[in-house]
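Fold and geometry: a report
Below, each chain spelled out in residue letters.
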Amino acid sequence: MKLIVGVIEARNILAMDLNGFSDPYVKLQLGKQRYRTKVVKKTLNPSWGEEFSFKVEDLNEELLISVLDEDKYFNDDFLGHLKLPVSLVFDAHHKSLGTAWYTLHPRNKKSKSKDCGEILLNIYFSQNNSFMDFNCNGDHASSLRKHADMSIKDLPKSFSGSSNSPSPVRQEDNVSSKEEKSSTQKSLAGRIAQMFNKNFDTAPTNSTRGSDLMEIPELSGGDISDDNSDDLSSSVSFEEAMKALGSRDQGSEIPSNLPGGVLLDQLYVIAPTELNFLLFSPDSSFPKSLAEVQGSTDPQFGHWEFDNGGESLKRVYSYIRAPTKLIKAVKATEEQTYIRADGKTFAVLAAVSTPDVMYGSTFKTEVLYCITPGPELPSGELSSHLVISWRMNFLQSTMMKSLIENGARQGLKESFEQFVTLLAQTIKSVDSMDIGLNKEQLLGSLQAEPQSDWKLAVQYFANFTLASTVFMSFYVIVHIWLAAPSTIQGLEFVGLDLPDSIGEFIVCGVLVLQGERLMQLISRFMQARAQKGSDHGVKALGDGWLLTVALIEGSNLAAVDSSGFCDPYVVFNCNGKTRTSSIKFQKSSPQWNEIFEFDAMKEPPSVLDVEVYDFDGPFDEATSLGHAEVNFVKSNISDLADVWVPLQGKLAQACQSKLHLRIFLDNTRGGNVVKEYLSKMEKEVGQKINVRSPQTNSAFQKLFALPPEEFLINDFTCHLKRKMPLQGRLFLSARIIGFHANLFGHKTKFFFLWEDIEEIQVLPPTLASMGSPIIVITLRLGKGMDARHGAKTQDEEGRLKFHFQSFVSFNVANRTIMALWKARSLSPEQKVQIVEEESEAKTLQTEESGSFLGLEDVSMSEVYSAALPVPTSSLMELFSGGELDRKAMERAGCLNYSCSPWDSERADVYERQIYYRFDKRVSRYRGEVTSTQQKSPLSDKNGWLVEEVMTLHGVPLGDYFNLHLRYQIEDLPSRAKGCQVRVFFGIAWLKSTRHQKRIAKNILLNLEDRLKVILGVVEKEFIAR
């Protein structure tokens, strides 16, 4: 007899990792039989959806279910466990506990964490087995249902392997002493015999299919027939099965893409139901044609059958895969399961197993097909969005995991290239350009709802305030007409009639307050009618990034008035520019149909902030009904052409408020935008920035899943400081700053927007940072939560802090980061303030220490000293950037020599950047050199001090150190035309290595030779003059 255990999902499990999540998986054990599920990364509510079968030999055994957190470098953490006796399942109605939530318990009573979460399991005994067929002697009767309808809500939570209180089932067994005695002595055969004695009118069905799946039921008048179950799949069509499955779908969420990657993401000119029929219907010829194209033979498509009480629909598809260069022809079995089917959206998970290949029993390849409705096309045709993603599900751990994943990735890529080609021949794909071309048509079709001022006035003023005010005014007027003039008394005089009693004073106060409320209503109405929000027919001005937002309608906006309605209007904010919609009176689901044009922006926008307010007068603080953020970096522009945006906030989330928008972003400057932006950044950074190749930009976009308009500006090797430094690369683009590392197959990747950064600080070098300054980036409150796993700390206010250190070229990296941040997120006032602070800091630094490059932190030693028959002014031509400078460097083996002009940093201090490449005779690696030089006069004004920091690229261990040089050139008092040259040298080690002495010796010998050649060229040129 087989015990089937379905591990579906868990909720509210413990967080064991530093990122606030866990990587949970489930281990199941019955006797010596052990299984484990796949690992679900970074979640506290994992979903597995896996089923396991145990062979039961002793009903006194216990099923042990443990939930653990995977840890690659240490022992896995315990999250909770559960113990269930097998006899509990056997004694249940229909031998099934059904699908229920079970409480997870700690390892022992002394554990600090008592609440370990819950797990959803489906546990039952399989009714298809040879022993039962033997006992029923071939007699066929009605089949026992696999999943009972009984409720066992109290059973799982009250029962625990570590609990001292007995379960309800045990208490019932203890009522009868005979049953108690026999329960300890029953064998498996005795239990089954007892089952037939107690239920002599029910015998199991001899299944000819040998499958645990419940077939598609035949729906007749809303009843499910239990007879002739073997013929149901052939009598129910695929369309009826979809309807039956759709009726059971309770609006579950669309599953997210699998982590292995996206194989296909395309729009097609076909309705979602038709695309679903084409790909998965038994009557479709597409799967057979695909098998022929891919070279697969002997395809066998099973019937679609309901499983798990009719909650899911499955079928098995087997075929023989075509041989490849590495793998022979093998049999593959593909189990396809409908996860979602509501008539508009379809999600099918296909689990492919190939047990005949090497290590084939250790893994399954899972492919997820998601079909969702696409945008309406200009021709009026429906479109579908097909996304296919994949992942590897390893059933057992293996050392060949990386090799298996790479082979599967290559095989899937080739297979789905053929899939895409065949699908494009069958149905037409939608080009993203076609969607962009219908912008004018979509916006032109929008017509603002005509609003009559009189109709709005009647609707707005038809309330108790106006009615009571009119009634009281009429009442007072009639009273004045009927009443006789009163005599003058007290402090009254002619023309001034004061209240004569407390009652009259109160009545006058009520009349004044009521009149004030009426005037406020009139003022609000006039102010709202004057607010015209739409830019319909007005074109955006300028050349650059043009943003167009069409506000269509709102749904379920929160009601803040006693009338049960609100007076909503919407405010859009992008790159510091604001657009405001008109006000809709007394509407919870208003219709706007308004268009807003943002004038051309020089820089591509990152986010569009949307805020919905309730209008409460021109001078009162507006109440927020909800807010949203449209992220252009994380969204595809074509997907924003017609989108419903859910609103955030307490009121909005309680009412499930959302806005219907159409967003279009166009670049009118074409490819020049990249060059213009880089040219602008070069002035800020002070160094030339090269345009990256299309291949590099494409790889960058793919790495962080960025839209195609994003382009890479620069990248740097550095360390991310968390608990331990993690070496990786920092990528900088116009809108994001991202980090990526791949250490022994463990990938760390995140990015955040420049606008999310609130502050950037530079901390001085420490021993922990290996002598490198630290860049600390602090994000705004609530921003960058997707990247929180890369943050080192979180301050008291909840802001994330990221630490980056050990840059190969810190000065260039720091200047680039600061320039991009200033350009994206700072207002003009903030930029002026930062410039003033930097100027003060530089002045203070000049007063306190004479070195700007930090050479005083490096141990410097004198490596060259000589008296030359050359004046100081002539020798300084070596650092002028002129012909002598270029000739001397080329003679020393420096190719492609280029330098920037000297820029004044502060009083008497100048700085320039240098670049050159080593000749092959200098270095066989032909590495590149970037350096920063500063020159300043000596204190006695009789010479110059030149300081230089060099960074080597493209040489072994070049990122382990920086070279520091100091040239001290001063006049010789004994000679009229002569100078003394002293050169000091030091190495700043960024990383430790056992080859430090060897590297230092090699560099020192090469430097001495180059200095002799360079100074010799200067001396010869001076004599030749």
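Our subject is the structure that appears above.
All figures in this text were calculated on a predicted structure; none of them were measured in a lab. (Residues numbered from 1 in each chain as written. Predicted model: local features only at pLDDT ≥ 70, side-chain atom pairs only at ≥ 80, totals over all residues. Heavy atoms only, no water.)

1. Notes on helix 9 (residues 272-280)
What counts is decided by this rule: Only protein chains enter the accessibility calculation, which uses a 1.4 Å probe. A residue is then buried if its area is under 20% of the maximum for its type, exposed if over 50%, and partly exposed in between. Helix numbering and strand numbering both begin at the N terminus, where a helix is a DSSP run of H or I of at least 4 residues and a strand a DSSP run of E of at least 2. The reported arc concerns the directions from the helix axis to the C-beta atoms and nothing else.
Among the residues of helix 9, those classed as buried are P272, L275, N276, L278, L279 and F280. All buried residues of helix 9 fall inside an arc of 165 degrees around its axis, so they share one side.

2. Details of the sheet that holds strand 21 (residues 568-574)
As a reminder, the rule being used: When DSSP locates at least two bridges between a pair of strands, those strands are taken to pair. For helices, the fitted axis covers only the stretch in contact; all axes are lines through C-alpha atoms, and the angles between them, taken along N-to-C directions, range from 0 to 180 degrees.
Here we have 4 strands laid out as an open sheet, ordered 22-21-24-25, and antiparallel in their pairing. Each edge of the open sheet carries a strand with a single partner, namely strand 22 (577-580) and strand 25 (623-631). If you compare each strand with its neighbour and ignore which way they point, the axes differ by 20 degrees on average. Across 4 bridges, the pairing between strand 21 and strand 22 is antiparallel.

3. Focus: the packing of aromatic side chains
When we look at a pair of aromatic rings, we describe it by the centre distance and by the angle of the planes. Using the following cut-off: Ring pairs are drawn from Phe, Tyr and Trp, using the six-membered ring of Trp, whenever the two centres fall within 6.5 Å, and their geometry is named by plane angle: stacked under 30 degrees, edge-to-face over 60, tilted for the rest. Consider the ring centre and the ring normal. A charge sits over the ring if Lys NZ or Arg CZ is within 6 Å of that centre and within 35 degrees of that normal.
Summed over the entire model, instances satisfying the criterion amount to 32 aromatic pairs. Pairwise contacts between aromatic rings join F238, F277, F280, F286, W304, Y338, Y369, F416 and F419 into one cluster. In this arrangement the basic side chain of R36 is found over the ring face of Y25, its NZ or CZ atom lying 4.0 Å from the centre. Sitting over the face of the ring of W944, K935 holds its NZ or CZ atom 5.4 Å from the ring centroid.

4. Notes on the packing of helix 8 (residues 238-248) against helix 9
What counts is decided by this rule: An angle below 35 degrees is read as roughly parallel, one above 145 as roughly antiparallel, one from 65 to 115 as roughly perpendicular, and any other as oblique. By definition, turning the near helix anticlockwise from the far helix through less than a right angle yields a left-handed crossing, and turning it clockwise yields a right-handed one. In this description, contact between two residues means that some pair of their heavy atoms is separated by no more than 4.5 Å. Only Asp, Glu, Lys and Arg are considered charged, only Ala, Val, Leu, Ile, Met, Phe, Trp, Tyr, Cys and Pro nonpolar, and every remaining residue, Gly among them, polar.
For the pair helix 8 and helix 9, the least separation of the axes is 12 Å and the interaxial angle reads 120 degrees. Relative to helix 9, the element helix 8 is oriented oblique. Crossing of helix 8 against helix 9: the hand is right-handed. Taking contact as the criterion, the partners of F238, E239 and M242 in helix 8 are, on helix 9, N276, F277 and F280. Each residue belonging to the contact of helix 8 with helix 9 can be placed in one class, and the counts come to 4 nonpolar, 1 polar and 1 charged.

5. Examining the nonpolar core
Quick note on the threshold: Put simply, buried Ala, Val, Leu, Ile, Met, Phe, Trp, Tyr and Cys residues joined by side-chain atoms within 4.5 Å make one nonpolar core.
By size, the foremost hydrophobic cluster in this structure holds 43 residues, and its most contacted members are L868, L875, F879, Y916, L963 and F985. Secondary structure elements with two or more residues in this core: strand 36 (861-868), helix 23 (883-891), strand 37 (894-899), strand 39 (909-918), strand 41 (943-953), strand 42 (961-971), strand 43 (979-989) and helix 24 (996-1024). No other element matches helix 24, which puts 8 residues into this core. Among residues more than four places away in sequence, those in contact with F985 are S859, M860, S861, V863, L963, H964, L965, I1003, L1004 and L1007. Membership of the second largest hydrophobic core comes to 41 residues, among which are L290, L313, A350 and M392.

6. As for the environment of R917
Tracing the chain through its elements places R917 in strand 39. A relative accessible area of 22% places R917 in the partly exposed class. Along the backbone, R917 and V929 are 12 residues apart, and their C-alpha atoms lie at a distance of 6.1 Å. Dropping the residues within four chain positions of it, R917 is found in contact with G893, C894, L895, N896, R926, G927 and E928.

7. Quick notes on the pattern of salt bridges
Our working rule: Salt bridges are defined by distance alone: a side-chain nitrogen of Lys or Arg within 4 Å of a carboxyl oxygen of Asp or Glu.
Inspection of the entire model under this criterion finds 17 salt bridges. Here E366 makes a salt bridge to R391, at a shortest N to O gap of 2.6 Å. Taken together, the residues E366 in strand 17 (residues 363-373) and R391 in strand 18 (residues 384-394) connect sequence positions 25 residues apart. In this structure E366 comes out as buried when scored by relative accessible area, which is 6%. Among the charged side chains, a salt-bridge network with shared partners connects E758, D795, E797 and R799.

8. A look at unusual backbone geometry
Even without glycine at this site, N593 takes up a positive phi of about 55 degrees. Inspection of the secondary structure puts N593 in strand 23 (residues 591-601). If you check the backbone angles, Q656 has positive phi at about 55 degrees while not being a glycine. Q656 sits in the exposed class, given a relative accessible area of 61%.

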